[in-house]
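# Chain and residue survey
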Amino acid sequence: MTRHLIKFSFRTLKRQGGYVAINILGLAIGMACSLVIALFIIHELSYDKYNEHRDQIYRLGIHGRFSGQESRMAYTAPPIGPAMAAEFPEVENVLRMYIWDETVIQIEDRYYTEDHLAMVDSTFFDFFSIPLLRGNEQTALTEPNSVILTETAARRLFGDEDPMDKLLRAGNMEEHFRVTGVMADIPDNTHFRAGMLASLTSHDWVTEDNWLSNNLFTYLKLHPGADPEMVRDRFDGLIVKYIGPMIREFMGISMEDFLNAGNSYNFFMQPLTGVHLDPSVESDHRPPNDPKYLWIFGSIGVLILVIASINFMNLSTAQASRRAREVGMKKVVGSSRAMLVRQFITETLVLAFVSMLLAISLVEIALPYFNNLLSLHLSLSGMDSWYVFPSLLLLVFAVGLFAGVYPAFYLSSFQPAAVLKGKNYGKQNSRFRMALAVMQFVISIMLITGSVIMYRQLNYMIHKDLGFDKENVLVLRRAYVLGAQVDAFKTELQGIPGVVSVSSSTAVPGRSYNFNGYTLPGRSDETFLLQTTFADYDFLETYGIELAAGRYFDPENRTDRDACLINERAAHIMGLEEALDSRVINLGYGPPGYPVIGLLRDYHFESLRLDISPAIVVFKNDDVHWGYVSIRYEPHMLRRVLEETEALWGSFSTHQPMMYFFLDEDFNRLYREEEQNAQLSVIFTLLAIFIATMGLYGLTAFSLQQRIKEIGIRKTFGAGVISIWLMVSKEVMSLVGLATLLAWPLTYWVAGNWLQNYHYRISMQPQDFLLGFVIAAVIALGSISYRVIRTASINPSISLRYE
């Protein structure tokens, strides 16, 4: 019975010709979009879930409030993990991780660059289920100066040679590292990146007992069945025991006084599988994604499927006159309504299944381009999982039922007597089809307007006045390579034609992650977190940062080497009405502190998602070698500046490659997530419009087919092609206008909520919404014009004889 029904459905669909093709293509594109979005969501949700003990693992973080400033960060101090392992019975093991970026690797006389080198404890493989292909998990990282390579890194560094026990140098460390293992590449769905693992005990500072130096990640693995709340309950005691004495040492007040002043200090635990989708926690290494976008794109996927399904419903009910006689004859020979409903739903399910096969092919073809465009790594490799086939069948069934139930019940309701007398059912129920068409336009207009607003926000962030000049600045990384020669290097750079100015600093806009605690004389119970930059005499000139009051460091004034400048936000938070008469005390060094000689106008050194943070610029003395060298150049001289800078770097740092970036490009990477999501939105919007346009074209073609005789009569009475086009266009525009009125308030609410994620954001303008209407109207009119003009051009003598 079922086989016969399916075969009959195929024959019936074949007879329907072009309309079936439109339905199949529309559903296939809709399903393909949904599959891509599903792959994206699954990829985002899969982070760190490959780990065997993932439910027992948590990343530790610090949540504090200092003089009204909230801080929630993933960085912790080195002694915290070992203390918890020793004093918390729920903790089975601890892992600490410190990640180096862009590290130079030296093997004999060969030099390479490793993007990410992770310094970790020997417990790494107890936390992350990554196979160790060579070496021993228990001992590979126990000794200082041990290193494990990923397969990719081993091939790149040693080719076909056996890497075990080979020696290499990393960064500026004097000691050689010995290769003690080779592991599989770290999966892409891991919240950190690394091509090498080195023993954290290679650093002496990890043994220091400084509980306020938060510079690494700490992970806790709890015993099976241990209650995380029990661990959280023990935090207060740990803070009193270890943080309290340090606050007294650096601030001169008790922990009780610190808390009574409105401050707070506590630890929190993030489940390992939740790290990637928690943007509330500050982390500069592989920043987390915002889960809001998963909801946004999941909703877009559903809406695109709704548009495709509406196409099917509209075209199916519009063709009622074509199938009315078939329904009438079947009822005459004994078919019940239930039998006809089953037949029509089976036809829809067959069509949906064919559409799914086409959708999978479309995804396979488009996915490489999609990944390249958006820097993603989605693939169909997971399609062989046991749950995939049932999920696809469920999607086919759901789409088939949603798209086919109404047409099935509508078509099966025809009365044999009325049908056989020639009643035209195709003109019935036109209001419902109009309502469905309006719904399509509502979705399309919402997607168009949303994409316009998203791109305007992105454009605003990229082009907003940041308070400094990010254009034409070449930034050299790894200034520590130059050591004490940095001033001589700067002097030589100034002699290169095209170089305007040169500065050395420990931070540059977009790469400012050094927050330190400060207080004020006589106010030791208050702590202020300031973004700290150590900079030389040329920092302000190179970056074009303006002074609000006071002056900058003067090479003629030796006392300036112990002075500082703060920004307007810092002065406001500290309550300094006369900032130039103040001193700022670094908690790590104590009194007398730095005299404030200048007040900087606020400038954006972080993403515009965030409010401007309080900042301090301290003079970069000769013992501070790390950071950057920034070169402002004349645009037309870039090539020469770059070539001569590379040659000069080579003469100052033998065998150390020069690593650099352009400030404007690097700063814009802060908005990579917004850029990718805006591109995704535009792609899916265009596909949704294409599906809706196909449906509108098919519906218009069928409607005009029903009105050929009417059009012939109008032409007989003098109507021209333009007047007939205007008549049909007026009907379409009324649908677009109604859809616009419904779409605007919905879009305003959704877009308004999305914009709340940004501290600095655009205001939605009337033109944003008018543009959505205009684009939808142009597309709608463009999609029907050819068919209308072609039908209106038929000779009346032919159209009047049409049946």
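Worth saying up front: this structure is predicted, and the values here are computed from it rather than measured. (Residues numbered from 1 in each chain as written. Predicted model: local features only at pLDDT ≥ 70, side-chain atom pairs only at ≥ 80, totals over all residues. Heavy atoms only, no water.)

## Quick look at the overall build of the protein
We apply this condition: Helix numbers and strand numbers start at the N terminus; a helix is a DSSP run of H or I with at least 4 residues, a strand a run of E with at least 2. Between buried and exposed lies partly exposed: a residue is buried under 20% and exposed over 50% of the maximum accessible area for its type, with that area taken using a 1.4 Å probe on protein chains only. We call two residues in contact whenever any of their non-hydrogen atoms come within 4.5 Å of each other. Per-residue and other accessible areas were derived by the Shrake-Rupley procedure at a 1.4 Å probe size, with only the shown protein chains allowed to occlude residues.
Along its length, the protein carries 24 helices and 22 strands. In the protein, buried positions account for 54% of the 803 residues. Of the contacts formed within the protein by residues at least 6 apart in sequence, a portion of 81% connects residues at least 24 apart. Split by element, the accessible area of the protein, about 35,900 Å² in all, is 57% carbon and sulfur.

## Re the nonpolar core
Short version of the rule: Among buried residues, those of type Ala, Val, Leu, Ile, Met, Phe, Trp, Tyr and Cys that are joined through side-chain atoms within 4.5 Å constitute a nonpolar core.
Phe370, Tyr543 and Phe684 are the most contacted members of the largest nonpolar core, which totals 91 residues. Among the elements that take part in this core, helix α2 (residues 18–45) stands out by supplying 13 residues, more than any other. Among all residues touching Phe370, those that are not within four sequence positions of it are Val36, Leu376, Leu378, Leu680, Ile683 and Phe684. In terms of nonpolar packing, the next biggest core, distinct from the first, is built from 59 residues, Phe127, Leu132, Leu141 and Ile239 among them.

## Examining the pairing of strand β2 (residues 69–73)
We apply this condition: By definition, two strands form a pair when at least two bridges between them are found by DSSP.
Residues of β2 alternate between two faces, with Gln69, Ser71 and Met73 buried on one and Glu70 and Arg72 left unburied on the opposite face. By the bridge criterion, five bridges tie strand β1 (residues 57–66) to β2 in an arrangement that is antiparallel. Among the inter-strand pairings, His63 is bridged to a residue of β2, identified as Arg72.

## Thoughts on the environment of Ile57
Among the structural elements, Ile57 can be located in strand β1. Sequence separation of Ile57 and Leu220 is 163 residues, and the distance between their C-alpha atoms is 5.6 Å. Beyond its immediate sequence surroundings of up to four residues, Ile57 is in contact with Phe127, Leu220, Lys221, Gln270, Pro271 and Leu272.

## A look at the packing of helix α15 (residues 486–494) against helix α18 (residues 638–652)
Inclusion rule: As a rule, the C-alpha atoms of each element are fitted with a line to give its axis, helices using only the stretch in contact, and angles between N-to-C directions run from 0 to 180 degrees. Working definition: roughly parallel below 35 degrees, roughly antiparallel above 145 degrees, roughly perpendicular at 65 to 115 degrees, and oblique for all remaining angles. For a crossing to be left-handed, the near helix must be turned anticlockwise from the far one by less than a right angle; the clockwise case is right-handed. Residues are grouped as follows: Ala, Val, Leu, Ile, Met, Phe, Trp, Tyr, Cys and Pro are nonpolar; Asp, Glu, Lys and Arg are charged; every other residue, Gly included, is polar.
Where α15 meets α18, the closest approach of the two axes is 11 Å, and the angle between their N-to-C directions is 150°. Between α15 and α18, the crossing angle belongs to the class labelled roughly antiparallel. In this structure, the crossing between α15 and α18 has a hand that is right-handed. Contact residues: α15 offers Ala488, Phe489, Glu492 and Leu493, while α18 offers Thr645, Leu648, Trp649 and Phe652. Looking at the contact of α15 with α18, its residues break down into six nonpolar, one polar and one charged.

## Considerations on a nonpolar patch on the surface
Note the cut-off: Note that patches include only residues with greater than 30% relative accessible area and no salt bridge, and the join distances are 9 Å for like charges and 5 Å for nonpolar side chains (Val, Leu, Ile, Met, Phe, Trp, Tyr). The salt bridge criterion pairs a side-chain nitrogen of Lys or Arg with a carboxyl oxygen of Asp or Glu, the two atoms within 4 Å.
Nonpolar side chains collect at one region of the surface, where Phe353, Leu357, Phe389 and Leu393 lie side by side and expose about 390 Å² of accessible area between them. Where the nonpolar patch is concerned, the elements lending two or more residues are α11 (337–374) and α12 (388–411). Assessed through its relative accessible area of 54%, Phe389 is described here as exposed.

## Focus on a negative patch on the surface
Our working definition: Under the counting rule used here, the positive set is Lys and Arg, the negative set is Asp and Glu, and His together with the chain ends is not counted. Throughout, a charge is located at the NZ atom of Lys, the CZ atom of Arg, the CG atom of Asp or the CD atom of Glu.
A contiguous patch of negative charge, built from Asp101, Asp115, Glu282 and Asp284, is present on the exposed surface. By secondary structure assignment, the location of Glu282 is in the loop between β11 (264–271) and α9 (292–318).

## Considerations on the environment of Phe127
Mapped onto the fold, Phe127 is located in helix α4 (residues 124–127). Here the alpha-carbon distance between Phe127 and Leu220, two residues 93 residues apart in the chain, equals 8.7 Å.

## As for the packing of aromatic side chains
Test applied: Ring pairs are drawn from Phe, Tyr and Trp, using the six-membered ring of Trp, whenever the two centres fall within 6.5 Å, and their geometry is named by plane angle: stacked under 30 degrees, edge-to-face over 60, tilted for the rest. Look at NZ for Lys and CZ for Arg. If either is within 6 Å of the ring centre and within 35 degrees of the ring normal, a charge sits over the ring.
Taken as a whole, this structure holds 32 aromatic pairs when the rule is applied. Ring geometry for Trp211 against Tyr242: centres 4.3 Å apart, planes inclined by 10°, an arrangement best described as stacked. With Trp211 in the loop between β9 (196–199) and β10 (217–222) and Tyr242 in helix α7 (residues 235–251), this residue pair connects regions lying 31 residues apart in the sequence. Members of the aromatic cluster, connected to one another through ring pairs, are Phe468, Phe539, Tyr543, Tyr603, Phe605, Phe667 and Tyr671. Looking at Arg72, its charged tip hangs above the ring of Phe268, at a distance of 4.0 Å from the centre. In this structure, Arg511 is placed above the aromatic ring of Phe661, and the distance from its NZ or CZ to the ring centre is 4.4 Å.

## Observations regarding the packing of helix α3 (residues 80–87) against α7
Running from amino to carboxyl end, α3 crosses α7 at an angle of 120°, the nearest separation of the two axes being 12 Å. One finds that α3 runs oblique with respect to α7. Read as a crossing pair, α3 and α7 show a hand that is right-handed. Contacts between α3 and α7 involve Ala83, Met84 and Glu87 from the former and Phe235, Leu238, Lys241 and Tyr242 from the latter. Residues of the contact of α3 with α7, tallied by class, amount to five nonpolar, no polar and two charged.

## Some points on the pairing of strand β12 (residues 473–476)
By the alternation rule, side chains of β12 split into Val473 and Val475 and Leu474 and Leu476, which are all buried. As paired strands, β12 and strand β21 (residues 628–633) are joined by four bridges and run antiparallel to one another. Considered in β21, the bridge of Val473 is made with Arg632. Pairing geometry for β12 and strand β22 (residues 660–662), over three bridges, is antiparallel. Paired with Leu474 across the two strands is Phe662, which belongs to β22.

## Some points on the pattern of salt bridges
Overall, the coordinates contain 28 salt bridges when judged by the stated rule. For Glu70, the salt bridge identified is with Arg65, shortest N-O distance 2.9 Å. On the basis of relative accessibility, which here comes to 52%, the residue Glu70 falls in the exposed class. Owing to a relative accessible area of 31%, Arg65 belongs among the partly exposed residues under this scheme. Across the pair Arg232 and Glu229 runs a salt bridge, and its minimum N-O distance is 2.9 Å. One end of the pair is Arg232 and the other is Glu229, both in helix α6 (residues 228–233) and three residues apart, which spans about a single turn. Judged by relative accessible area, which is 27%, Arg232 ranks as partly exposed. Glu229 sits in the partly exposed class, given a relative accessible area of 43%. Taken together, the salt bridges that share partners define one network made up of Glu92, Asp126 and Lys221.

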